[in-house]
Amino acid sequence: MLNFNSLANAVLEGYEITEGEAMQILECPNDKILDLLHSAYLIRKTYYGNKVKLNTIINTKSGACPENCGYCAQSRDSTNPIQKYRMMHKDTIVQGAEKAHQLHSGTYCIVASGRGPTTRELNQVTSAVKEIKEKYNLKICACLGILKPGQAEQLKEAGVDRYNHNINTSKNHHDNITTSHSYQDRVATVNKVKDIGISPCSGVIVGMKETKEDVIQMAIALKELNADSIPVNFLHAMERTLLEGTDELTPLYCLKVLCLFRFINPTKEIRVSGGREVNLRSLQPLGLYPANSIFIGDYLTTAGQEGTKDHQMLKDLGFEIDYEGSEIPI
């Protein structure tokens, strides 16, 4: 059996694990999960200590999306009765930043449904970002879809620090999840923002009927993209979507996935993201041994855990909030 501790030390010395070793991580016997978590934590602690980055998300435009992503309640093919609304007014977006600030979030994520922003929508976002930057010490991450020429530059000029565009799944599995855009469309968007100096954020959704080989390829693809921040979502299957009723994940498997991403992307921010509450359940705290970041508060169309409970979880673990490089006692 693979010695996870030795593998972690090798990774810290620059070793890149093989696909065979990656598979052994995903197939770690359940009675060895603590050994695996300890080894992943050795890597995480080297780069991030006991600090945890907090992220708050705001859904600035909901529903009516022309894309056909099978996991999403906002998709054109979904009949889920979610709340639908157009792009929020600038003042509402700024108010969301105040809430993020109160929760000690270091990053405020501005998200909008759709293939990509219109000129009017982008102007709303950039106007809000400029005001937020004047008021709060927050890192701003925008997630607005595929960008047209000049839009990435406009976001950077406004003060956007990071841009999120998830690859979501592996290249081989992509067409089973959506056909309204290509896998390469997503990769190109990440590379575009990276090329102009915006920090790239890209992640995945695990539990969408992919194979373990697909999960490994996702982690490798994000290493090749050199994404600074990697949100790992676990499918929370929504009613009236293509993936309705899908329930393939167990808490222990989710922990193994997080460890895999830490071993393959040792220096990167690994964020336990959407679906952690329903998939990790009582094992949520253990997810922060391989990961060093979480979303706090609600997600796009699903509710998250109360911020106060997340703060208590961090306190119980002995972790500290990393707020723009400054530790905040909990």
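The coordinates are above.
A brief report on the enclosed structure follows. (Residues numbered from 1 in each chain as written. Predicted model: local features only at pLDDT ≥ 70, side-chain atom pairs only at ≥ 80, totals over all residues. Heavy atoms only, no water.)

## Looking at the pairing of strand 2 (residues 107–112)
This is how the line gets drawn: Between buried and exposed lies partly exposed: a residue is buried under 20% and exposed over 50% of the maximum accessible area for its type, with that area taken using a 1.4 Å probe on protein chains only. Runs of H or I in DSSP of at least four residues are treated as helices and runs of E of at least two as strands, each being numbered from the N terminus. When DSSP locates at least two bridges between a pair of strands, those strands are taken to pair.
Within strand 2, six of the six residues are buried, which leaves it mostly tucked inside the rest of the structure. On strand 2, burial covers both faces: Thr-107, Cys-109 and Val-111 on one face and Tyr-108, Ile-110 and Ala-112 on the other are all buried. The pairing of strand 1 (residues 51–61) with strand 2 spans six bridges and is parallel. Bridging from a neighbouring strand, Lys-61 pairs with Ala-112 of strand 2. In this structure, strand 2 lies alongside strand 3 (residues 139–143), joined through five bridges in parallel fashion. The residue bridging Cys-109 from the neighbouring strand is Cys-141, located in strand 3.

## A short note on helix 1 (residues 4–12)
To be explicit about the condition: What the arc covers is the set of directions going from the helix axis to the C-beta atoms. Contacts were defined at the residue level, with two residues in contact if any of their heavy atoms lie within 4.5 Å.
Among the residues of helix 1, those classed as buried are Phe-4, Leu-7, Ala-8 and Val-11. In an axial view of helix 1, the angular spread of the buried residues amounts to 100°, which keeps them on one side of the axis. Structurally, helix 1 contributes buried residues whose contacts are with helix 2 (19–26), helix 3 (33–48) and helix 10 (251–264). Just beyond helix 1, the residue with positive phi is Gly-14, at close to 105°.

## What about unusual backbone geometry?
Negative phi characterises most residues that are not glycine, and trans characterises most peptide bonds. Of note in this structure, Asn-226 is not a glycine but carries a positive phi near 60°. When you line up the elements, Asn-226 lands in the loop between helix 9 (212–225) and strand 7 (229–234). Given a relative accessible area of 40%, Asn-226 falls into the partly exposed group. The residue Arg-281 is not glycine, and still its phi comes out positive at about 50°. Along the chain, the position of Arg-281 falls in the loop between helix 11 (276–279) and strand 9 (293–295).

## Quick look at the nonpolar core
Here is the rule we go by: Among buried residues, those of type Ala, Val, Leu, Ile, Met, Phe, Trp, Tyr and Cys that are joined through side-chain atoms within 4.5 Å constitute a nonpolar core.
The biggest cluster of nonpolar side chains holds 59 residues, and the ones touching the most others in it are Val-232, Phe-261 and Phe-263. No other element matches helix 10, which puts 10 residues into this core. Leave out the neighbours within four places in its chain, and Val-232 touches Val-204, Val-206, Val-257, Leu-258, Phe-261, Ile-270, Arg-271, Val-272 and Ser-273. In terms of nonpolar packing, the next biggest core, distinct from the first, is built from 29 residues, Ala-100, Leu-138, Leu-155 and Ala-158 among them.

## Some points on the pattern of salt bridges
Definition in use: Just to be clear on terms, a salt bridge is a Lys or Arg side-chain nitrogen sitting within 4 Å of an Asp or Glu carboxyl oxygen.
Evaluation of the coordinates by the stated rule reveals 13 salt bridges. The residue Lys-61 makes a salt bridge to Glu-121 at a minimum N-O spacing of 2.9 Å. Within this pair, whereas Lys-61 is found in strand 1, its partner Glu-121 is found in helix 5 (residues 119–135), the two being separated by 60 residues in sequence. The network of salt bridges with shared partners includes Lys-90, Glu-131 and Lys-135.

## Re the packing of aromatic side chains
To keep things clear, this is the line we draw: When two rings of Phe, Tyr or Trp (its six-membered ring) have centres within 6.5 Å they constitute a pair, described as stacked for plane angles under 30 degrees, edge-to-face for angles over 60, and tilted for the intermediate range.
Applying the stated criterion across every chain, the model contains two aromatic pairs. Their ring planes at 70° and their centres at 5.4 Å tell us that Tyr-41 and Tyr-289 sit as a pair that is edge-to-face. With Tyr-41 in helix 3 and Tyr-289 in the loop between helix 11 and strand 9, the pair connects residues that are 248 residues apart, well separated along the chain. For Tyr-41, a relative accessible area of 14% corresponds to the buried category. Look at Tyr-289 and you get partly exposed, because its relative accessible area is 26%.

By themselves, these observations are geometric and do not establish any function.
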